[in-house]
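Descriptive structure summary
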Amino acid sequence: MAPPVEPKSLAWSPSSSLSSLLRDLPIVFAALALLFSFLSLARYWASPVTAQAPIQLNPGALPRYALFSLARIIIAYAFSLMLTLVYAYVAAHNARAERFLIPLLDTLQSIPVLSFLPPVMVSMVALFPTRQLGVELGCILLILTGQVWNMTFSVYASMKSIPREMAEAAQTYRLSWWQRFIQLELPYSAIGLVWNSMMSVAGGWFFLMACEMFVLENHDLRLPGLGSYLQTAANAGDTRAILWGVVVMVAVIVLMDQVVWRPIIAWSEKFKFEQVEASQTPHSPVLDLLRRSRILSRTVRATVAPARETLTLYFGRQHASSRGGRGWTKWIARLLSVAALLGVLYAIAKMTGMLAMLSRPELRSIFVGAGATFLRVEFTLLLAGLWTIPVGVYIGLRPRLAAIAQPIAQVAASVPATALFPIVLLFLIRLGGGLGIGSIVLLLLGTQWYILFNVIAGATAIPTDLKEVCDVFGLGRVERWRRLLLPGIFPYLITGFVTASGGAWNASIVAEYFRFQNQTFSTTGLGAVISHATDSGNFRVLLGATVVMAVIVVTVNRLLWRPLYALANTRFKLEG
Amino acid sequence: MNPPVTEKLRASLSQGKWDQAVAVLQRLDPDAAADLLMSLPFEQQQLLFRRMTPDLAAALVAALPYYHAYVLLHARPVDEMSAIVDRMNPGERLQFFDELPEEAWQRLMDELAEKPPAGAAREGGAALEELPAVSRAAPAEPIIEARHIEKSFERPDGGQMQVIAPTDLSVEAGEIVALLGPSGSGKSTLLRILSGLTPPSAGDVLWHGKPLAESIPNVAIVFQSFALFPWLTVLENVEVPLLARGMKHEERHRRALGTLASVGLEGFETAYPKDLSGGMKQRVGFARALAVEPEILFMDEPFSALDVLTAENLRGELMELWTGKKIPTKSIFLVTHNIEEAVLLGDRIIVLGRNPARIRADFRVPLPQPRDRHSAEFLLYVDYIYKLITQPELQPGPPSERPAKIPYQMLPHARPGGIAGLLELLNDHGGREDLYHVAEELRLEVDDLLPIVEATALLGFAKSDKGDLEITPSGKTFAEADILARRTQFRDAVLANVTLLQQMHRALTSKSDHAMPVEFFRDILDEHFAALEVQRQIETALHWGRYGDIFTYDPETDRLLLDQPVSSADAGSARLH
Ligand SMILES: Nc1ncnc2c1ncn2[C@@H]1O[C@H](COP(=O)(O)OP(=O)(O)O)[C@@H](O)[C@H]1O
Ligand SMILES: [Mg+2]
């Protein structure tokens, strides 16, 4: 039974090489496909500007569009990741920068994507006037502005909450900044970063239509992609094309989920900061495939491992030989902060000048819109809460049902509501309702999932013994909700509402203003004001409306959600 | 101390002239001689003590701390011991006996009553013959020396709270220093300062004579929570500090594997911390610390998170590495709140007081390793430490220079149930008992027992005296009363003695609606305690107040409500409304 002994180094039996080749085959194909896609992308980006690429509505064009959109989202995500790591690292390590960076982050997070459009586009097109690359970069940066903030916040919060003794271990053993980052801070932030990355990328799909096709200073810009395809189909009222587009988008999202996110989640499991083995761990066949692959493990051993070793040793030696910050880095930091301060002052002066020019009707439209959107968002949250709390608790209390429902809900949630807008709108218009009701449905589609997921998680986490106590005391339905269920899910519910509230404000820009069948549907609201101002190139109004929205979102966060959050974390925490 | 005399003594010792050294001591007055003797290494003390006349030895036994005298006394054969004790003057002898805990006293009595075995005297005599000259002339310079260090943190109300009062402390080569103190006394803070993790608010820390901040101290820390990186394997965890030192792959690997083997973790290299038990995790913590071959190994309650057996095991293995000189570490600095652990491991024990932390005692434990928990000498030290920490007035050292404002009374964190349990036990034992016996019987660590003892003292139910706890008449009444009578008695005792509850009661009775938000009292406490302590004070006050029927607490509104029908007088006045 035992195979004859072979020299160990050259153990290359035909059967083993064949099976390992078969195992590696998918990876080889994936690499070739990637190469091909990259080549076609490169050719397209280097091509001269064609700002108004005609979007073909035949399904055959869809794979190419999907590829373009996917590439944009991936690149935007890569930039987001880099920005996140730098921003969060600086904020977590430099107390002086932190005092400025964190409020700034709070504000940036509350600014809707479209408000970034004009400055981003204008500067990128100016940077690369003759190549498609400029417009593309603009679009990518636009997607980035919708992705990056929550990731940054998560990494920052993780880095700040590293357990004291672990940080002290790193300090006593004199880890260089690099080793500390690689071996402590990044792994500690990994779980939060992965979940927020998923949410961010989903956000990217959500705003794809707005980012790929827009009007800027009377130029109708459109970039070939799934978003512009859907938008064009909606404009033309072509239901069949809309359906095709939605199907392809869902397919891409589900594929990404299986091929990218699931493996990453399963892999990131090892960064869970718990000292005991969890009973149920996420599992991914793709990850297993990658783990078993010989080519991959060899490549990693030949490239990543030595690089990491060299870098860590390099920074370790540097750290050991120098104590304290060197003079010139301090000077550079000082110079940068002075420059940043001047820039901010200049921007504030410009902004005030622009805001002062707002006319009275414009101001009124902004404030009326703000009021309307405020009511709409709160009403949406109420509606979402009304259905998700009972359903979520029902599911969460039944583990077997939860195991079935959770993946389904995840796929449902990953379908960007914007893609469904045209269909929903078509339906609503047939029914005779305008965008007034429609926008609420659209907001609901976009935000209810956050609450549902959190409620399910909260209900699952209620300890069994507490449930049994309720049974023993024969608590009635009302008492049960009042004494056990609501307090139990409260912290989770608040988390869900915080995310949903921010998301709803941001989504109002696409929900309140929609171009469909060559008409523009819009309703009173701040989102509509912003979208309209972008379309018509009215920067004053755009700026004013953006400032108002940021102020409202930040204020609501500070005055309502944060205290509730603190309350949830002290009084309603279930110690188990 | 008198430098010329010290020099003379050292000189005689280094030349092996023991009799001359004894003569030096003989000429001093007993207190000075005792001080001088204590400054020597214990082996030399023993040798000198054996050479003394019974008269000198008797004078020194009276002048030395009783626990030390007891151990020194046992350096001589029984008949000589008996002679020395006979020569002590009666008052001092009585005091010496009185201070000994029961086991030690009993053993001494037995020994003195017993006829000395025939060979014993000769054995002692034989030991006298081989007297080596002492090679080490002057004591080595300390590895770490802290001069007048202080530490303050910001209080919730913005003021400064001093956690460590000005303290001098040094750690020398060859010793295990055990730093002992109740939780929250500032042990970890002191460890952080000495290991260079945080700078002191004032004062200097020197590493081999140079400022610590400017040196690169070779130290390692073992943490209570292990502080391993869960995403790295056992081997990678141990390699972390080696990688930081720029050690190349092969050497790093070899060193890490070697260290892992020395702590008994062979074969666990590729496991992740979460796959290991608590004891194994702490082994990894030890391996990571030992891998860098630290000059001083710091340990912050390294055994507290482990179960009793595992802890005992690990302590034994650590001591094997240390006493067997299998690790190049020169000194170990161990933080603990466990008295037995300190006496078990420490060559030197430092006892910290709290609010703010200051050194209450710093003494050597010259018992040989491995130590027997049940030996009379061991219990002697345990008893002494109990005595020390239950008697605030026993503080050595000068009073602090600036007269601090009178601190706000701090409630010991004890539940009424614990207080009742302790009093019942005490009452059953005839009203008086050694504290370490009580701890053993109740299976409580000193950290849990001490607050209860303090609470009984605060309420006038018992008083502690020289390591014993004695019940008072009111404590006896309490222990024998039924539950209702207990609560009334508790209420009276609390209102007579406890500032915070007096304040609460006064506020509640004077307000027309007899209700008060707890926040109000939190604000008062914020001026006196750190945030965590404020919370604990409030919690304890709520327990006590509710047990004593002083008020009820409504968690929904976070308010206190006066408990109406508390006594007949109150009930009468309530009826008038
Ligand atoms: N970083 C800090 N900020 C504020 N207070 C602190 C800090 N570290 C410790 N303290 C306070 O100092 C006191 C002593 O703490 P610590 O040294 O951890 O005590 P121990 O280790 O003896 O339990 C405690 O009251 C604690 O609340
Ligand atoms: Mg501590």
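Rules used in this analysis
Counting of residues starts from 1 at the beginning of each chain's written sequence and follows it residue by residue. Here every chain gets a letter starting at A, and every ligand a number starting at 1, in the order they are written. The predicted origin of the model limits local features to residues at a pLDDT of at least 70 and limits the giving and counting of side-chain atom pairs to 80 or more, whereas totals for whole chains, interfaces and linings rest on all residues. For the side-chain quantities, the full set of heavy atoms in the structure was used; hydrogens and water were omitted. The predictor attaches a confidence to each residue, and that confidence, scored 0 to 100, is pLDDT. By definition in these notes, contact holds between two residues if any of their heavy atoms fall within 4.5 Å. Should DSSP find at least two bridges between two strands, the strands are taken to pair. Secondary structure elements are defined from DSSP: runs of H or I of at least 4 residues count as helices, runs of E of at least 2 residues count as strands, and each element is numbered from the N terminus. By definition here, a salt bridge exists when the distance from a side-chain nitrogen of Lys or Arg to a carboxyl oxygen of Asp or Glu is within 4 Å. The cut-offs for exposure are 20% and 50% of the maximum accessible area for each residue type, with area from a 1.4 Å probe on protein chains only; residues under the lower value are buried, those over the upper are exposed, and the others partly exposed. Each direction from the helix axis to a C-beta atom contributes to the arc, which is the arc of those directions. An axis is simply a line fitted to the C-alpha atoms; with a helix, the fit covers only the stretch in contact. Between two such axes, the angle follows the N-to-C directions and lies from 0 to 180 degrees.

**As for the confidence of the model for chain B**
Residue and element names in this part refer to chain B.
- Across chain B, the average pLDDT comes to 84, with 90% of residues at 70 or higher.
- Considering only residues more than four positions removed or in separate chains, one finds that residues 393-404, a stretch of pLDDT under 50, has seven contacts.
- At the level of chain-chain contacts, confidence expressed as ipTM amounts to 0.77, with global pTM at 0.78.

**Section: the pairing of strand β4 (residues 519-522) of chain A**
Residue and element names in this part refer to chain A.
- Where strand β3 (residues 513-516) meets β4, four bridges bridge the pair, whose relative direction is antiparallel. Bridge pairing in β4 places F514 opposite F521.
- Once β3 ends, the chain turns through two residues before running back antiparallel as β4, passing Q517 with a positive phi of about 50°.

**Quick notes on the pattern of salt bridges**
All names here are of chain B.
- This model, assessed by the stated rule, comprises 39 salt bridges over all chains.
- Among the ionic pairs, E340 bridges to R373, the shortest N-O distance being 2.0 Å. On the criterion of sequence distance, the pair formed by E340 in helix α16 (residues 339-345) and R373 in the loop between β10 (358-364) and α17 (376-390) is long-range, its members being 33 residues apart.
- It is possible to trace a salt-bridge network through shared partners that takes in E312, R315, E340, E341 and R373.

**Re helix α21 (residues 473-480) of chain B**
Residues and elements named next belong to chain B.
- By the burial criterion, the buried members of α21 are G475, F478 and A479. Down the axis of α21, the buried set is contained in an arc of 95°. They therefore lie on one face. Of the residues in α21, the exposed ones pointing more than 90 degrees away from the buried face are P473 and E480.
- On its buried side, α21 packs onto α18 (416-428), β13 (468-471), α22 (483-497) and α25 (531-547).

**Comments concerning the sheet that holds strand β7 (residues 296-300) of chain B**
Residues and elements named next belong to chain B.
- Strand order in the open sheet formed by six strands is β6-β7-β8-β3-β9-β10, with mixed pairing between adjacent strands. Looking at which strands have only one partner, the edges of the open sheet turn out to be β6 (219-222) and β10. Sheet twist, expressed as the average angle between the axes of neighbouring strands with direction ignored, equals 15°.
- Packed onto the sheet, helix α14 (residues 278-291) meets β6 and β7 and runs at close to 175° relative to β6.

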